[in-house]
Amino acid sequence: MFAKLFQKPTQSQSPPPSSQLDGTSRRSMTSADLAPRVAVHYGIPSTASVLAFDPIQRLLAVGTLDGRIKVIGGDNIEVLLISPKALPFKNLEFLQNQGFLVSVSNENEIQVWDLEKRCLSSNLQWESSITAFSLIIGTNYMYVGDEYGFLSVLKYDNEEGNIVQLPYHVPPNLIAEAAGITLPDQQSIVGVLSHPRSCGNRVLIAYENGLIILWDVTEDRAVHIKGYKDLELKEAMTVNVSDNQSQTSVNDSLDNEEAEKEISSLCWASSDGSVLAVGYVDGDIFLWNLSVSNNGKDQKTQKSPDDVVKIQLSSGDRRLPVIVLHWSSNKSRNGCGGQLFAYGGAEIGSEEVLTILDLDWSSGLTKLKCVNRVDLTLHGSFADIIIIPNARNKVDNSPETSLFVLTNPGQLHFYDYASLSILKSDGVKNHSVHSSQYNSVIPTVEPYMTVGKQYVIGSEGNYFGALPQTVSPAKQQSENMRSTKWPLTGGVPYQMSTTESNNIIERIYIGGYQDGTVRIFDATFPVLNLVAVLGFEIKGIQVDGTSGSISALDLCSASLTLAVGNEFGCIFLYSLQGNTHQTVTVVTETKNEVLHCVPEERNHCSAIFSISPSPVCALQFATSGVRLVVGFQSGQVAVLDTRSPSVLFVSDYVSSSRSPVISLAVKTFPDTHENSVKKPDSQTESESAKEISFVLTRDAHMTLMDSTTGNVISAQPMHSNEKIIAVNMYLLDDSNMSSQHIEDEDMQPPNVDNKTVASRILLCCEEALYVYPLKSLIQGDYNFVRELKLEKPCAWTTIFKRDAEKFGVILVYQTGEIEIRSFPELEPLGKTSMMSILRWNFKNNMDKTMSASDKGQITVVNGCEFSFVSLLAFENEFRIPETLPSLHDQVLAAAADADVHFSQNQKKEQSGVPGFVSNVIKGLKGVKEEQGIEARESVTAHLERIYSRFPFSDPYNLNDLEDLVLQIDDIDIDIDEPVPLVSSSQTISDDIKGKGTQREKLFEGGTVDTKPTTRTREEIIAKYRKTGDAAGAASQAKEKLMERKEKLEKLSLRTEELQNGAENYASMATELAKAMEKRKWWNI
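Conventions we followed
Residues numbered from 1 in each chain as written. Predicted model: local features only at pLDDT ≥ 70, side-chain atom pairs only at ≥ 80, totals over all residues. Heavy atoms only, no water. Helix = DSSP H or I, 4+ residues; strand = E, 2+ residues; numbered from the N terminus. Buried < 20%, exposed > 50% of the residue type's maximum accessible area, 1.4 Å probe, protein only. Contact = heavy atoms within 4.5 Å. Areas by Shrake-Rupley, 256 points an atom, 1.4 Å probe, with all protein chains shown as cover. Pairing = 2+ DSSP bridges. Axes fitted to C-alpha atoms, helices over the stretch in contact; angles between N-to-C directions. Salt bridge = Lys/Arg side-chain N within 4 Å of Asp/Glu carboxyl O. pLDDT = per-residue confidence, 0-100. Core = buried A, V, L, I, M, F, W, Y, C linked by side-chain atoms within 4.5 Å. Polar contact = N/O pair within 3.5 Å; in protein donor to acceptor, adjacent residues only side chain to side chain. Phe/Tyr/Trp six-rings, centres within 6.5 Å; stacked < 30°, edge-to-face > 60°. Lys NZ or Arg CZ within 6 Å of the ring centre and 35° of its normal. Patch = residues over 30% accessible without salt bridge, like charges linked within 9 Å, V, L, I, M, F, W, Y side chains within 5 Å. Lys, Arg positive; Asp, Glu negative; His and termini not counted. Charge placed at Lys NZ, Arg CZ, Asp CG, Glu CD.

Digging into the overall build of the protein chain
- Tallying secondary structure elements over the protein chain gives twelve helices and 61 strands in all.
- Looking at the protein chain as a whole, 52% of its 1084 residues qualify as buried.
- Sequence separation of 24 or more characterises 60% of the internal contacts of the protein chain that already satisfy a separation of 6 or more.
- Put simply, the protein chain shows about 49100 Å² of open surface, and 48% of that area lies on carbon and sulfur atoms.

Quick notes on the sheet that holds strand β46 (residues 646-650)
- The antiparallel open sheet is built from four strands, whose spatial order is β43-β44-β45-β46. Of all strands in the sheet, those bounded by a partner on one side alone are β43 (616-622) and β46. Between one strand axis and the next, the sheet turns by 20° as a mean value, whatever way the strands run.
- Two elements, strand β45 (residues 637-641) and β46, share four bridges in a ladder whose sense is antiparallel. Note that in β46 the partner of leucine 640 across the bridge is valine 647.

Re helix α1 (residues 172-179)
- The buried fraction of α1 is high, at six of eight residues.
- Those residues of α1 that sit buried are Pro172, Leu174, Ile175, Ala176, Ala178 and Ala179.
- Just past α1, the residue glycine 180 takes up positive phi, approximately 70°.

Points about unusual backbone geometry
- A cis amide bond links asparagine 408 with the next residue in sequence, proline 409, at an omega value of 0°.
- By the secondary structure assignment, proline 409 is in the loop between β29 (399-408) and β30 (411-415).
- Here isoleucine 880 and proline 881 are connected by a cis peptide whose omega angle stands at 10°.
- Relative to the assigned elements, proline 881 resides in the loop between β61 (865-872) and α7 (890-911).
- One non-glycine residue with positive phi stands out, namely leucine 560, at about 50°.
- Topologically, leucine 560 is positioned in the loop between β37 (550-556) and β38 (561-566).
- Overall, the relative accessible area of 1% leaves leucine 560 in the buried class.

Observations regarding the sheet that holds strand β5 (residues 78-82)
- Strands sit in the order β2-β3-β4-β5 across an open sheet of four strands; the sheet is antiparallel. Looking at which strands have only one partner, the edges of the open sheet turn out to be β2 (48-54) and β5. Taking each pair of neighbouring strands and ignoring which way they run, the sheet shows an average axis angle of 20°.
- In terms of strand pairing, β2 meets strand β3 (residues 59-64) through six bridges, oriented antiparallel. Bridge pairing links leucine 51 to valine 62 in β3.

Let's talk about the pattern of salt bridges
- If you walk through the whole model with that rule in mind, you get 20 salt bridges.
- Members of the salt-bridge network, linked through shared partners, are Lys261, Asp282, Asp284 and Arg319.

Quick notes on the pairing of strand β20 (residues 263-268)
- Summarising burial for β20: five of the six residues are buried, a large majority.
- Here β20 pairs with strand β21 (residues 275-280) via five bridges, running antiparallel. Counted as the bridge partner of cysteine 267 is alanine 277 from β21.
- Counting the residues that bridge the hairpin from β20 to β21 gives six residues, and of these glycine 273 lies at a positive phi of roughly 75°.

Observations regarding the confidence of the model for the protein chain
- Averaged over the protein chain, the pLDDT score is 77; the fraction of residues at 70 or greater is 70%.
- Residue range residues 1-27 is modelled with pLDDT below 50. Its contacts to residues more than four positions away, or to other chains, number 53 contacts.
- pLDDT under 50 marks residues 252-259. Its contacts with residues more than four places away, or in other chains, come to 14 contacts.

Topic: the nonpolar core
- Membership of the largest hydrophobic core comes to 34 residues, with the highest contact counts inside it found for Ile69, Leu101, Leu115, Ile442, Leu528, Phe866 and Phe868.
- If we ignore the near neighbours within four places in the chain, the residues touching leucine 101 are Ala61, Ile69, Val71, Leu92, Glu93, Phe94, Gln111, Val112, Trp113 and Leu115.
- Residues Tyr168, Ala222, Leu943 and Phe952 belong to the second largest nonpolar core, which totals 33 residues.

Concerning the environment of arginine 58
- Here arginine 58 shows up in the loop between β2 and β3.
- The class of arginine 58 is buried, set by a relative accessible area of 17%.
- Distance in space between the C-alpha atoms of arginine 58 and isoleucine 72 is 9.0 Å, their sequence separation being 14 residues.
- A distance of 3.4 Å separates the side chain of arginine 58 from the backbone oxygen of proline 55, its partner in a polar contact.
- Within the structure, arginine 58 has its side chain in polar contact with the backbone oxygen of proline 487 (distance 3.2 Å).

Points about the packing of aromatic side chains
- Counted by the stated rule, this structure contains 22 aromatic pairs.
- Each ring, one from tyrosine 770 and one from tyrosine 772, has its centre 6.4 Å from the other, and the planes form 40°; the classification is tilted.
- The class of tyrosine 772 is buried, set by a relative accessible area of 0%.
- Here the aromatic cluster, defined as three or more aromatic residues joined through ring pairs, consists of Tyr141, Tyr143, Tyr168 and Tyr947.
- Against the face of tyrosine 280 rests lysine 261, its NZ or CZ located 5.0 Å from the ring centre.
- For arginine 507, the ring lying beneath its charged end belongs to phenylalanine 878, and the centroid distance is 4.9 Å.

Some points on a negative patch on the surface
- On the surface, Glu1039, Glu1043, Glu1046 and Glu1049 cluster together into a patch of negative charge.
- Counting through the fold element by element, glutamate 1039 comes out in helix α12 (residues 1030-1077).

Some words on the pairing of strand β34 (residues 507-513)
- Among the seven residues in β34, seven count as buried, and that is most of the element.
- Residues Arg507, Tyr509, Gly511 and Tyr513 of β34 are buried on one face, and the alternating residues Ile508, Ile510 and Gly512, pointing to the opposite face, are buried as well.
- Note: strand β33 (residues 449-456) against β34, seven bridges, orientation antiparallel. The residue bridging tyrosine 455 from the neighbouring strand is isoleucine 508, located in β34.
- Where β34 lies against strand β35 (residues 518-522), five bridges are found, and the strand directions are antiparallel.

A word on the side chain of aspartate 284
- The residue aspartate 284 is located in strand β22 (residues 284-289) in this model.
- A polar contact of 2.8 Å, which involves the side chain of aspartate 284, links it to the side chain of arginine 319.
- In this structure aspartate 284 touches Lys261, Val278, Gly279, Lys310, Ile311, Gln312, Arg319 and Val322, once residues within four positions along its chain are discounted.

In structure tokens form, the structure reads like this:
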């Protein structure tokens, strides 16, 4: 699938002559090595828009406006799912405790995601616009309402892995006819909810014009009809909660047009489905009484002022629509009260808040009281809210409800039960309560990450085992926020083997932050963990400039010494071997002093250098960590001795324009070369350094200097006649290449071996790439051997290896496109983009936090998001999929099923109710009793029976469709085409089973007379009801007769063909029998 992300780019320039090639094309990479993918992703995207929660698995899903879904669990488990199309999601729901997630896109594509496999399991493109969607909680059945008023039922078949549309499909005209009402044309369904106590038998349908119908699926009838214009209510109750104290009044004439106003949100306001809360576009909230009397009569004709109560959150004339409603019941009030969470309903122009109403109607719905109101001030513009049911209160057994609030851009705040309880008791209306904001394991915004790099440390990772024991208090504060109240605990981390569980860290990621701290993360596995938080905060020691923003990092893997530079020119040396230091050496321009730490302080900093006020731009260790080369923004270069510690030298400005140093490289030469390097200002040979530092400034000025003495070997602009902006520089060795691959042997200087000659410098600039032989640069020759002009400005580059013989270059352009080229040929291998991989746009300074491993795995940061992206097919440093955490806890799912089964058996024995009733789905979304293996199987079987039929068909013979009596008008003559539904926006292609047997009975010439089956009024309506005048009906009847004639002719031809086939078969059988008679038994 990743191959589709790549396109063969156009060649920006013709290939160089063969004389300039290095002869390594046979060892270069190919496009087959490319496979971009997201290996690790942390953080909530800024485009987050919708939430979903699995109360059993304790997982949270966040849908975005660009087709991504973020799934968050516990133990730092985060997974990013990417839809093929970058479209917003209308709906997002978990198939609770089943390991699947359902989404509906803006283009009306229904998608089911497999959380175990982290992929799209099935998708179904809906033909019309989906305006309402919901699940039957605890099952794999879904309701879909569309723009034309059709109600459809879908099922996700886990075994087949696809979405199936079931035969039960109700058009609005049938519902209106059965309810005895008239419904305007093309009234879209704006809400659909499964009744919480009906086991899927009843579904609530809300239409655009305000009509609400509680529909009984098994009986094909309307149980309740609310909000219709003919329903005149007098003396309706209105509860105004615009002030802190609610006011109840009687409205003598509730305007009829109120029943016509548009519905914007709805939810059940009771656990038994007796009360429905409906929010409207004009800012009103209605509580509708949908209780069913004991005699079971239809409630559609009953009119009572007890049927509805109006709630107004503001007394203003112009109010915001109530776009979100959620409910949490309070069992202490016997189902007659709870908390209503509403967004909207406030006066236009008022502060954006989330309103929480504590309602009580223990004395009846008309005597509803608002016990308390809380307006929760939001952190940003509202996006979505989800209610989290926690453990029940030990005092009154009421649920300790908490909630997640999603605001823009991508901020997720958690409000626990304790915080909300405090708000209710203080008597203040508007609140800005402290909430726990979701922070990823790798913070990128708070605090703000300024630089980041990944490092492979190999076996030296054993030293990190002791480092977490000396973590600074910043980590404890982060862990305290993730206390037991945090509701996201889902997922199962990778279980390490005994050989892996010895605290060996193979790979780390280091981030530098604006507050001067450094965080180190264990990146050995796809789930990252914080190892340490470093910062110079030691009692008794004050050094100027130590609190500046981090600007540069480098790690010596040999000695595990970390060098950190900041914007004030300070350089810190940290020991990452778990050892603490009682002293800190402070080196400045004028002094070198040793300061003693307080014994209780755990200090990892061994030295601080403050030798220049200019920000540190680049750091590079040399000689196995003994020396540290520092590049400053002023264009100066310093070399530090990390053992002393001391300053070896500080150079003058390496560039006349004082351009900042952006890249450093150090080359060590063998001892045999001591007399091979000449100073440009002297004609005599002198002892050369064993190390040469290569310094590159932003204006593409390169300087070579002796790392020990600071003597300049060569220095000049790479292109004196052009103004070039450099991006990076790489020094590459190829010991397998002979010297003739670069230049002829007679051009080599004396005493320079083949390895030195084969070394090359790759200079990456915004507009071009250049390749230089290292030997030429040492001699002062700055002529390149290869040049590649780029079509777009380049922002960031890196070098990677396929193995010891295959190299490549990754280029990230300022447009966000990513291009991979071979090296040294610089031929294009393929390209992709940040948009296609991560749905990101490239932003300014993004290159500061980008880094790469030698195998082409890059790290990128964008706002609140952090990601490891693997570009190459052979690269699998995280050992995926073996080390991936599981998003579906099978043990937890089985335990929940067993617990529910035991609970239901107890209730069954105590109450003595039939088994079917004991399996009824109870409660609202999030109640644990909705799960259970046997309960789910029983409910699923029941749902399969009631929805695997057409509306108004006989509900009593569903188990044996072949025994249905077939009348002449019901003969399905068309064998090749699907059976059409009545006025449906969707077509069902599955034919009813058993028609073949019935057809045989009809045409075999049986003599038994079969009496026609008596049909009900509803069945006749569903079969024969037509709209229009008599002429239109006659025309349709004529067309049907003609169609029937054609079908009978086809059937006659088919019969004749079958008869001819039978005759041929009989003739062939006769000939075969004759032939077999002549053969002996041993020849058979």
